[in-house]
There are 2 protein chains.
Amino acid sequence: MREVSIVGIGSTSFGRHAGTPIEQLAVAAAAQAIVDAGIDRGRIGAVYLGNFVSGPLTGQEVLAGLVADQLGLPNVPCTKVEGACASGGIAFRHACLAVASGQCDAALVVGVEAMTHAPTGQTTAALNCAMDNRNDGSSGLTFPGLFGLAWRMHARRYGTDRRQVSAVVRKNKANGLLNPLAQMGARLSDEQIAASAPICDPLQLFDCCPTSDGAAALVVMARSMVGEATGQPIDVLAAVQTRGAARIAGHPDLCSFEATVSAAQRAYADAGIRPADVDVVELHDCFSIAEIIDSEDLGIVPRGQGGAWALEGRTAVGGDVAVNPSGGLLAKGHPVGATGVGQLFEVARQLRGTHPNPVRDARIGMTHNLGGTGVACTVSILGRPA
Amino acid sequence: MREVSIVGIGSTSFGRHAGTPIEQLAVAAAAQAIVDAGIDRGRIGAVYLGNFVSGPLTGQEVLAGLVADQLGLPNVPCTKVEGACASGGIAFRHACLAVASGQCDAALVVGVEAMTHAPTGQTTAALNCAMDNRNDGSSGLTFPGLFGLAWRMHARRYGTDRRQVSAVVRKNKANGLLNPLAQMGARLSDEQIAASAPICDPLQLFDCCPTSDGAAALVVMARSMVGEATGQPIDVLAAVQTRGAARIAGHPDLCSFEATVSAAQRAYADAGIRPADVDVVELHDCFSIAEIIDSEDLGIVPRGQGGAWALEGRTAVGGDVAVNPSGGLLAKGHPVGATGVGQLFEVARQLRGTHPNPVRDARIGMTHNLGGTGVACTVSILGRPA
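Residues numbered from 1 in each chain as written. Chains lettered and ligands numbered in written order. Predicted model: local features only at pLDDT ≥ 70, side-chain atom pairs only at ≥ 80, totals over all residues. Heavy atoms only, no water.

K.L.:
When you look at the overall build of chain A in this model, what are you seeing that I'm missing?
P.N.:
On a plain count of helices and strands, chain A comes out with 13 helices and 12 strands. Rg of the C-alpha trace for chain A: 19 Å, near the compact-globule value of 21 Å for 386 residues, within the 12% margin. With the C-alpha coordinates of chain A rotated into their principal frame, the extents come out at 55 × 45 × 35 Å. Each of the 386 residues in chain A was classed as buried or not, and the buried ones make up 67%. The long-range share in chain A, meaning contacts at least 24 apart out of those at least 6 apart in sequence, stands at 78%. Of the roughly 11,600 Å² of accessible surface on chain A, a fraction of 52% belongs to carbon and sulfur atoms. One way to put it: in chain A the 29 positive side-chain charges average out to a point 2 Å from where the 34 negative ones average out. (Helix = DSSP H or I, 4+ residues; strand = E, 2+ residues; numbered from the N terminus. Rg over C-alpha atoms; globule rule 2.2 N^0.38 Å. Buried < 20%, exposed > 50% of the residue type's maximum accessible area, 1.4 Å probe, protein only. Contact = heavy atoms within 4.5 Å. Areas by Shrake-Rupley, 256 points an atom, 1.4 Å probe, with all protein chains shown as cover. Lys, Arg positive; Asp, Glu negative; His and termini not counted. Charge placed at Lys NZ, Arg CZ, Asp CG, Glu CD.)

K.L.:
Please clarify how the interface of chain B and chain A should be interpreted in this entry.
P.N.:
Many analyses report the size of an interface as the accessible area lost when the parts associate. The interface of chain B with chain A comprises 54 residues on the first partner and 54 residues on the second. Note on chain B versus chain A: buried area summed over both sides is about 4,100 Å², and carbon and sulfur give 46% of it. Sorting the residues of chain B by area buried against chain A places Val62, Asn75 and Arg243 of chain B first, and these three jointly supply 18% of that buried surface. Scanning the region where chain B abuts chain A turns up 4 salt bridges. In this structure, Arg243 of chain A and Asp69 of chain B form a salt bridge, with 3.2 Å as the shortest nitrogen-oxygen distance. The tally of links from chain B across to chain A stands at 36 residue pairs in polar contact (both at pLDDT 80 or more). Secondary structure elements with two or more residues in the side of chain B that touches chain A: helix H1 (22-37), helix H2 (54-58), helix H3 (63-71), strand E3 (78-82), helix H4 (87-100), strand E8 (234-243) and helix H9 (258-271) of chain B. (Buried area = accessible area lost by both parts, 1.4 Å probe. Salt bridge = Lys/Arg side-chain N within 4 Å of Asp/Glu carboxyl O. Polar contact = N/O pair within 3.5 Å; in protein donor to acceptor, adjacent residues only side chain to side chain.)

K.L.:
Just checking my understanding: could you explain the packing of aromatic side chains for this structure?
P.N.:
Where two aromatic rings form a pair, the distance of their centres and the angle of their planes describe that pair. Residues and elements named next belong to chain A. Inspection of every chain in the model, using the stated rule, returns 4 aromatic pairs over all chains. Look at Phe147 and Phe257: their rings are 5.9 Å apart centre to centre, the planes differ by 45°, and that puts the pair in the tilted class. Of this pair, Phe147 sits in helix H6 (residues 143-158) while Phe257 sits in the loop between strand E8 (234-243) and helix H9 (258-271), and the two are 110 residues apart along the sequence. The two residues Phe147 and Phe257 agree in class, both being buried. Ring-pair connections join several aromatic residues into one group, and the members of that group are Phe147, Phe257 and Phe287. (Phe/Tyr/Trp six-rings, centres within 6.5 Å; stacked < 30°, edge-to-face > 60°.)

K.L.:
Before we go on, may I ask you to explain the pairing of strand E1 (residues 4-11) of chain A in this structure?
P.N.:
Side-chain direction in a regular strand flips from residue to residue, so the side chains alternate between the two faces of the sheet. Residue and element names in this part refer to chain A. Of all 8 residues in E1, 8 are buried, a share of seventy percent or more. As paired elements, E1 and E8 share 3 bridges and run antiparallel to each other. Bridge pairing links Ile6 to Ile234 in E8. Taken together, the 7 bridges between E1 and strand E7 (residues 214-222) define a ladder with antiparallel strand orientation. If you follow Ser5 over to E7, its bridge partner there is Met221. (Pairing = 2+ DSSP bridges.)

K.L.:
Can you walk me through the pattern of salt bridges in this structure?
P.N.:
Under the definition given, this model contains 44 salt bridges over all chains. Taking the shortest distance from any N to any O, the salt bridge between Arg43 of chain A and Glu228 of chain A comes out at 2.8 Å. Taken together, the residues Arg43 of chain A in the loop between helix H1 (22-37) and strand E2 (44-50) and Glu228 of chain A in the loop between E7 and E8 connect sequence positions 185 residues apart. In this structure, Arg349 of chain B engages Glu346 of chain B in a salt bridge whose closest nitrogen and oxygen atoms are separated by 3.1 Å. Separated by 3 residues within a single helix, Arg349 of chain B and Glu346 of chain B lie in helix H13 (residues 336-352), roughly one turn from each other. Both residues of the pair, Arg349 of chain B and Glu346 of chain B, belong to the buried class. One salt-bridge network, in which partners are shared between bridges, spans Arg2, Arg43, Asp105 and Glu228 of chain A.

K.L.:
When you look at the side chain of Thr123 of chain A in this model, what are you seeing that I'm missing?
P.N.:
All names here are of chain A. Of note, Thr123 is situated in helix H5 (residues 120-127). The exposure class assigned to Thr123 is buried, which follows from its relative accessible area of 5%. Dropping the residues within four chain positions of it, Thr123 is found in contact with Leu57, Met115, Ala118 and Thr211.

K.L.:
I would appreciate a short explanation of the state of the cysteines in the present structure.
P.N.:
Inspection of every chain in the model, using the stated rule, returns 0 disulfides over all chains. Looking at the unpaired Cys104 of chain A, the closest cysteine sulfur is the one in Cys96 of chain A, lying at 10 Å. Here Cys200 of chain B is not cross-linked by a disulfide; its sulfur's nearest cysteine counterpart is in Cys208 of chain B, at 8.4 Å. (Disulfide = S-S within 2.5 Å.)

K.L.:
Hey, could you run me through the packing of H6 of chain A against helix H10 (residues 288-297) of chain A in this one?
P.N.:
Residues and elements named next belong to chain A. One way to put it is that H6 packs onto H10 with a least axis distance of 9 Å and a crossing angle of 60°. Compared by their axis directions, H6 and H10 come out oblique. Here H6 runs over H10; the crossing is left-handed. Listed contacts from H10 to Phe147, Ala150, Trp151, His154 and Tyr158 of H6 are Ser288, Ile289, Ala290, Ile292, Ile293 and Glu296. (Axes fitted to C-alpha atoms, helices over the stretch in contact; angles between N-to-C directions. Parallel < 35°, antiparallel > 145°, perpendicular 65-115°, else oblique. Left-handed = near helix turned anticlockwise from the far one by under 90°.)

K.L.:
Explain the pairing of E7 of chain A here, please?
P.N.:
All names here are of chain A. The buried fraction of E7 amounts to 9 of the 9 residues, a majority that puts the element mostly inside the structure. The pairing of strand E4 (residues 106-113) with E7 spans 8 bridges and is classified as antiparallel. Of the residues in E7, the one forming a bridge with Leu108 is Val219.

K.L.:
For this particular structure, what's the right way to read the relation of the copies chain B and chain A?
P.N.:
Here chain B sits on chain A after a turn of 180° about the axis and a move of 0.0 Å along it, with an RMSD of 0.0 Å. Between the two chains, the operation in question is that of a two-fold axis. Of the residues that chain B buries at the interface, 100% are likewise interface residues in chain A, meaning the two copies contact each other through the same surface. (Least-squares fit on C-alpha atoms with pLDDT ≥ 70 in both.)

K.L.:
Can you walk me through the environment of Gly299 of chain A in this structure?
P.N.:
Of note, Gly299 of chain A is situated in the loop between H10 and helix H11 (306-311). It is 9.8 Å that separates the C-alpha atoms of Gly299 of chain A and Thr260 of chain A, two residues lying 39 residues apart in sequence.

K.L.:
Quick question: what am I supposed to make of the packing of helix H4 (residues 87-100) of chain A against helix H13 (residues 336-352) of chain A here?
P.N.:
Any two packed helices are characterised by how steeply their axes cross, that is the angle between the axes, and by the distance between the axes. Residues and elements named next belong to chain A. Two numbers describe how H4 lies on H13: the axes approach to 5 Å, and their chain directions differ by 60°. Our classification of the angle between H4 and H13 gives oblique. On H13, the residues touching Ser87, Gly88, Gly89 and Phe92 of H4 are Gly337, Gly340, Val341 and Leu344. Of the residues in the contact of H4 with H13, the class split is 3 nonpolar, 5 polar and no charged. (Nonpolar A, V, L, I, M, F, W, Y, C, P; charged D, E, K, R; others polar.)

And the structure:
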């Protein structure tokens, strides 16, 4: 398999774009990535588009082909992939595989979602498509319910408390203030977080990511050919996709997602690095407690210490490892199918040295994208070329 | 890239399964394919599931991981792919690529759709997700409208008439009578076809495929390893995916889909065969006129002669080339995401010599799966091992 690099990146802002058709969001991000790459668009030999709920929420599918058509790309395979909230990461992995296996020399990755135009009830129903509805869904459980249960378990086992969880919210919302693409950065106090509207005990409003529209895109290319591109190349060191249990009762432990643990282990092995080598991580903080669990599952924080590390500032920019300097899902937003691609966009510009909230001397970055009740996961590792 | 074989096949009947949850349809077909393959399910290293409108019509997504979980498969990448009506063919191609590129030695392909439980208006809206809705959709055009226009154009240019088009319907409906998995086989007269309810001039009811539920599945494996499997192996000679225009105005000619033409050309080249070598074809007859256009686009019938060949019985079992001996979409049914996988199931059992409507001495078979307004297409070629 050939080595792969990211040579072009693009993104819309995440937030409210309710007047913009979903395919136009995707076209905007993709056009930016292609221009950034500086390659002839005729070089693009495959398109992978990550999207979750365009069917139910916008009535528009075949987005991969539609976007390629509107971009004027050549007649190449165009595929939408779906794995709930991990759809974007899955799209990236498939584009890397297409290039690595020699099917094509360059591929376009797009992630996109349009959600804010829909009524809340419809959005909640669409998001619940990520559950095993005959099992978990029929109990009335939603995703805030799942992560509320996980929080309770984590608190009981490790003593994780409200102040530690709030430290995650404060950090990510503050990071969001520094990212012009973020939906809702804010400077928040513990009191404001605790006093925000209750969603699902113990989750308050600020513990939950917002509903978002947005798109992000990347151009990946065989590393041996990056001389053709004018975009600053970033090495892809690993792009792993795993599966966990599809229903909550299938998880042996709510304090950990086995799909994350196995994906991270394989990614470290593929990249030939240790967790301590990672300088910056964009991980799947759909809820505040998720960042604590994810950071432990990824091995960047010792098991049970996710809350303490957040409170001590060890996951802030300038700490031991910078977690979600973009603002994460909590502040940057979570346009579901776009999220995984957006994380890679953020880490790529960290490693390029062009991020508005920079992690100093970042050489190795990681992204983590988790779908459903942990049923689908991708972990990718990027590196600044030596 | 390694050579690939199909070693296991499974399918539910196509038709009404409105009491069965969509994931259970998929599990039924997949379990049958794995048992048929006779390999340890721990050998399966990737799952690709083709589905189009499970989100809007059933509220259940993440089907790839959900089905793998219910089957007790190991922790491997599980991906839903979508390209409208070509979703199943796209799933097959990706499973073949996963094996060919050495990512895994065996992969599971599933195609599934559940549609008949939904009211007609909801189904029509869901199917229209395959259009470019900002362009074609906003004009009020539906798929019967598109194929009605294509028929008018074909009639004008080539003189294709009602009796020729009815010959396609009669053939496929009669073939369906011989296929126990088919939804609606029938022995029909030209008069009955012409007298069936008008749908969209010149299409009558019997010119249109039914709404269907169903699932089909395949196990593909590295050809060098088929000795591990007990299922009779069939060689995969080509698995091609292409893109055409996403909107109707983008097609230079309504009498041809360029995505089919280019896919067929590449497939013949990959397989190292000529069109005349093909013994049996399952092609995308979503409407009667589509079979005429597709058979010409695939090069198995001379341009403009699709109607004449059908009327003369040259595309019947026993003719020059057997087209849709399963009954095709018109009679076997069209559970959208399942269709492409079901076509491969049908051709595989033709080449195994186990088909209930057998094509004598069939050695080379082809499948053709077309999505949207020709925006996505797959053409695959299978061969009986020498």
